[in-house]
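# Descriptive structure summary
Next come the chains, spelled out residue by residue.
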Amino acid sequence: MGSSTGLGVSRMRLPALYALLAAIATVANIGAQDLLLRLYQGPWHVAASVVLGTGVGLVLKYVLDKRYIFRFRARNAAHDAQTFVLYVGAGVLTTALFWGTEWSFDRCFGGDRLMRYAGAVLGLAAGYWLKYHLDKRYVFRVAASGAQA
């Protein structure tokens, strides 16, 4: 197989594992959005669903990336919180990409829910690709100072 990444996952398997974890987080995100839309039809229902889905996907993806992609272990709860703040910070740009794509599809396709979800999946895929590179370079590298297993 491919050479080791130093994380216990071969270079050939890392993209597949990352894609699988991104898909899991994407399903959780879209699922949370859809659930909220089924339960709430009031003003700002689309915005509320996107915010909820983003939160669900963000927390799940952090836990999955931390454990399975970067094999990161925080020294303590404060260190984990600091790392999560860095993770969220790195995600601001990628979230803007995701939201912009989803809302663009929503507007372009007249509010069609399926097309909005297609835009969400496209935006999430592009965002997750960028997010991996930001996390690898800035989040888990900086936060890992002595904390990696």
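Cut-off values and rules
- Residues numbered from 1 in each chain as written.
- Predicted model: local features only at pLDDT ≥ 70, side-chain atom pairs only at ≥ 80, totals over all residues.
- Heavy atoms only, no water.
- Helix = DSSP H or I, 4+ residues; strand = E, 2+ residues; numbered from the N terminus.
- Buried < 20%, exposed > 50% of the residue type's maximum accessible area, 1.4 Å probe, protein only.
- Contact = heavy atoms within 4.5 Å.
- Areas by Shrake-Rupley, 256 points an atom, 1.4 Å probe, with all protein chains shown as cover.
- Salt bridge = Lys/Arg side-chain N within 4 Å of Asp/Glu carboxyl O.
- pLDDT = per-residue confidence, 0-100.
- Axes fitted to C-alpha atoms, helices over the stretch in contact; angles between N-to-C directions.
- Parallel < 35°, antiparallel > 145°, perpendicular 65-115°, else oblique.
- Left-handed = near helix turned anticlockwise from the far one by under 90°.
- Nonpolar A, V, L, I, M, F, W, Y, C, P; charged D, E, K, R; others polar.
- Patch = residues over 30% accessible without salt bridge, like charges linked within 9 Å, V, L, I, M, F, W, Y side chains within 5 Å.

### Remarks on the overall build of the protein chain
Looking only at helices and strands, the protein chain features 4 helices and 0 strands. Its helices and strands in sequence order give the protein chain the pattern α-α-α-α, from N to C terminus. Each of the 149 residues in the protein chain was classed as buried or not, and the buried ones make up 37%. Partitioning the intrachain contacts of the protein chain with sequence separation of at least 6 by distance along the chain shows that 71% fall at a separation of at least 24. Carbon and sulfur atoms form 68% of the exposed surface of the protein chain, whose accessible area is close to 8,500 Å².

### Observations regarding the pattern of salt bridges
Applying the stated criterion to the full structure yields 7 salt bridges. Here arginine 116 ties to aspartate 106 by a salt bridge, and the two come within 3.7 Å at their closest N and O atoms. Taken together, the residues arginine 116 in helix H4 (residues 113-143) and aspartate 106 in helix H3 (residues 77-108) connect sequence positions 10 residues apart. Through salt bridges with shared partners, a single network forms among Asp34, Arg38 and Arg113.

### Thoughts on the confidence of the model for the protein chain
Predicted confidence across the protein chain gives a mean pLDDT of 86, with 87% of residues reaching 70 or more. Mean pLDDT in the protein chain bottoms out at H4, which sits at 87, and peaks at helix H2 (residues 45-69), which reaches 94. Counting interchain partners and residues more than four positions distant, the pLDDT-below-50 stretch residues 1-6 has 12 contacts.

### Looking at the packing of helix H1 (residues 13-39) against H2
Orientation of H1 relative to H2, taken along the N-to-C sense of each, is 150°, at an axis distance of 8 Å. Regarding the angle of H1 to H2, the classification is roughly antiparallel. The handedness of the crossing between H1 and H2 comes out as right-handed. Counted by class, the contact of H1 with H2 contains 20 nonpolar, 7 polar and 2 charged residues.

### A look at a nonpolar patch on the surface
On the surface, Leu35, Leu39 and Tyr40 cluster together into a nonpolar patch covering about 330 Å² of accessible area. Inspection of the secondary structure puts leucine 35 in helix H1.

### Some thoughts on unusual backbone geometry
One can expect most non-glycine residues to show negative phi and most peptide bonds to be in trans. Positive phi, close to 65°, is recorded for tryptophan 44, a residue that is not glycine. In this structure, tryptophan 44 sits in the loop between H1 and H2. Classification of tryptophan 44 as exposed rests on a relative accessible area of 70%. Within the chain, arginine 71 stands out as a residue other than glycine whose phi angle is a positive 50°. Relative to the assigned elements, arginine 71 resides in the loop between H2 and H3. Arginine 71 gets classed as partly exposed once you look at its relative accessible area, which sits at 33%.

### Things to note about the packing of H2 against H3
Remark: H2 packs on H3, axes separated minimally by 10 Å, with the N-to-C direction vectors making an angle of 135°. As far as their axial angle goes, H3 and H2 are oblique. In this structure, H2 crosses over H3, and the sense of that crossing is right-handed. Residue-level contacts link Val46, Ala47, Val50, Val51, Thr54, Leu58, Val59, Lys61, Tyr62, Asp65 and Lys66 of H2 to Asp80, Thr83, Phe84, Tyr87, Val88, Thr95, Phe98, Trp99, Glu102 and Trp103 of H3. By residue class, the composition of the contact of H2 with H3 is 13 nonpolar, 3 polar and 5 charged.

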